[in-house]
Amino acid sequence: MSSNHRPFRLVVTGGGTGGHTYPALTALRTLQSRLSAQDRGLEVLWVGQANSLESKVAAAEGVAFTPVATGKIRRSKNPFKLVSRANVADMSRVPIGVLQARKAINNFRPDVVLATGGYVAVPVGIAATRLCHVPLVVHEQTVRLGLANKTLAGAATRVAVSSESTLPLLPEGVRAAAVVTGNPVRAEVFTGRADKAIDALGLRGFDRRLPTVYVTGGAQGSQQINRLVRDALPWLLEHANVVHQCGPDNVTELRQHTAHLPAPSAARYHLTGYVGAELPDILALADVVISRSGAGTIAELTALGKPGVFVPLATSAGNEQAHNARHLADNGAAVALVDDVTAVRLRDAVAPLLTDPERRAAMAERARSFGRPDAADRLVDVMLAAAGT
């Protein structure tokens, strides 16, 4: 069978968090669609950590999954902490993972390996490049290379990054292999319709003459963002409609705090614990988004051209969320609230966007200029080129 007709074989590795897992899934789906249009099949093996997010995603997608041993390397400026018992124990697991990954790769015989970060990517990427001599494409979602991708970048065939600003931060020996693709965004994000959100959520009290603010802290919600919005809510509802996704465990407390809102304001406030399939429609309805600044959120909001007021998670690895937010804020594409964030600071940040439509439109356009809605297709191009297809 000629190489143009046999199934293309892909090994995917990366995970631990949605920020690493979902870009890989989007790239996988995009590759499958591309090959299907060429009447060519795709065979995929996901190599990850047992009982992990990536294992659940692979199972839901019907993708074969192989677990390997891995260990979390803890960051510290103190060199003595780097040789802690926990770090040594975890590092000793990496060689085991490399041998397990070598066996999986040799048995599967992929055309290319895609690594999207997370500790599990390290043993798989090492096995691919040093032991199995298979092309490796590393994809980085954030402005600065994560620890796993930094480890693999020097041996990778190609290093796909999500932002132009990443290029000067790369080691000189890696830049020749680097290409800017953007961070893959789920196709369904682009299908949203504002009117569907109004109907699906029953937002009958919303005043469509006012802008709509969408507040989210991720699937589990953010206590910090919830408190900030709660304290600023009376003012917010004078100027906007608000959809507040607060996390399932936080609904009762917030309902108690907002029970005494005046009826007109209460009608413009929709509180929900979780947002699922209706998210694209809510994003289409939203004029301003208040959220964390993870790589996935940044990719979606810039691809859609949505002004963001970001409250970075202070404990994110390498302080990456603050870097993401500041990068956009420095270019007029968002507002970044870091360090000591109060409800007054939140109000002051949001006010110009709610009261000045022209300013809001200008920030939306700047945000869109940083978006790459075709990121998944660009990454697929890189993967196929690396495989010599």
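Just so we're clear, the structure is a prediction, and the values are computed from it rather than from any experiment.

Calculation criteria
Residues numbered from 1 in each chain as written. Predicted model: local features only at pLDDT ≥ 70, side-chain atom pairs only at ≥ 80, totals over all residues. Heavy atoms only, no water. Pairing = 2+ DSSP bridges. Helix = DSSP H or I, 4+ residues; strand = E, 2+ residues; numbered from the N terminus. Axes fitted to C-alpha atoms, helices over the stretch in contact; angles between N-to-C directions. Contact = heavy atoms within 4.5 Å. Buried < 20%, exposed > 50% of the residue type's maximum accessible area, 1.4 Å probe, protein only. Arc of directions from axis to C-beta. Parallel < 35°, antiparallel > 145°, perpendicular 65-115°, else oblique. Left-handed = near helix turned anticlockwise from the far one by under 90°. Nonpolar A, V, L, I, M, F, W, Y, C, P; charged D, E, K, R; others polar.

Engineer: Please clarify how the sheet that holds strand β8 (residues 212–216) should be interpreted in this entry.
Structural biologist: The strands making up a sheet are joined through hydrogen bonds of the backbone, oriented either antiparallel or parallel. Overall, parallel pairing links the six strands, which are arranged β10-β9-β8-β11-β12-β13 in an open sheet. The open sheet terminates on both sides in strands that have one partner only, identified here as β10 (269–272) and β13 (334–336). Ignoring strand direction, the axes of neighbouring strands in this sheet form an average angle of 15 degrees. Note that strand β12 (residues 308–310) and β13 share three bridges and pair parallel. Directly across from Phe 310, in β13, lies its bridge partner Ala 336. Packing against the sheet, helix α10 (residues 223–239) makes contact with β8, β9 (241–245), β10 and β11 (288–291), and its axis sits at approximately 165 degrees to β9.

Engineer: Help me understand the environment of Gly 276 in this model?
Structural biologist: Mapped onto the elements, Gly 276 comes out in the loop between β10 and α13 (279–285). For Gly 276, a relative accessible area of 27% gives the class partly exposed.

Engineer: Sorry if this is basic, but what is going on with helix α15 (residues 320–329) here?
Structural biologist: Residues spaced three or four apart along an α-helix face the same direction, because each turn holds 3.6 residues. Of the positions making up α15, those classed as buried are Gln 321, Ala 322, Asn 324, Ala 325, His 327 and Leu 328. Where the residues of α15 are buried, they touch α14 (295–304), β12 and β13.

Engineer: How should helix α9 (residues 194–201) be read in this particular structure?
Structural biologist: Buried residues of α9: Ala 194, Ala 197, Ile 198 and Leu 201, and no others. Considered in projection along α9, the buried side chains sweep an arc of 100 degrees and stay on one side of the axis.

Engineer: Is there a simple way to think about the packing of α10 against helix α16 (residues 343–355) in this case?
Structural biologist: Pairs of packed helices are described in terms of their axes, by the angle between the two and the distance that separates them. Interaxial distance between α10 and α16 falls to 9 Å at its minimum, and their mutual angle equals 25 degrees. For the element pair α10 / α16, the angle class is roughly parallel. In this structure, α10 crosses over α16, and the sense of that crossing is right-handed. On α16, the residues touching Leu 228, Val 229, Asp 231, Ala 232, Trp 235, Leu 236 and His 239 of α10 are Ala 343, Leu 346, Arg 347, Val 350, Ala 351, Leu 354 and Thr 355. Residues that form the contact of α10 with α16 fall into these classes: 10 nonpolar, two polar and two charged.

Engineer: Any chance you could explain the packing of α16 against helix α17 (residues 357–369) here in plain terms?
Structural biologist: Their axes nearest at 5 Å, the elements α16 and α17 cross at an angle of 105 degrees. If you check the angle between α16 and α17, you find them roughly perpendicular. Of the residues in α17, those in contact with Pro 352, Leu 353, Leu 354 and Thr 355 of α16 are Pro 357, Arg 359, Arg 360 and Met 363. Tallied by class, the residues present in the contact of α16 with α17 amount to five nonpolar, one polar and two charged.

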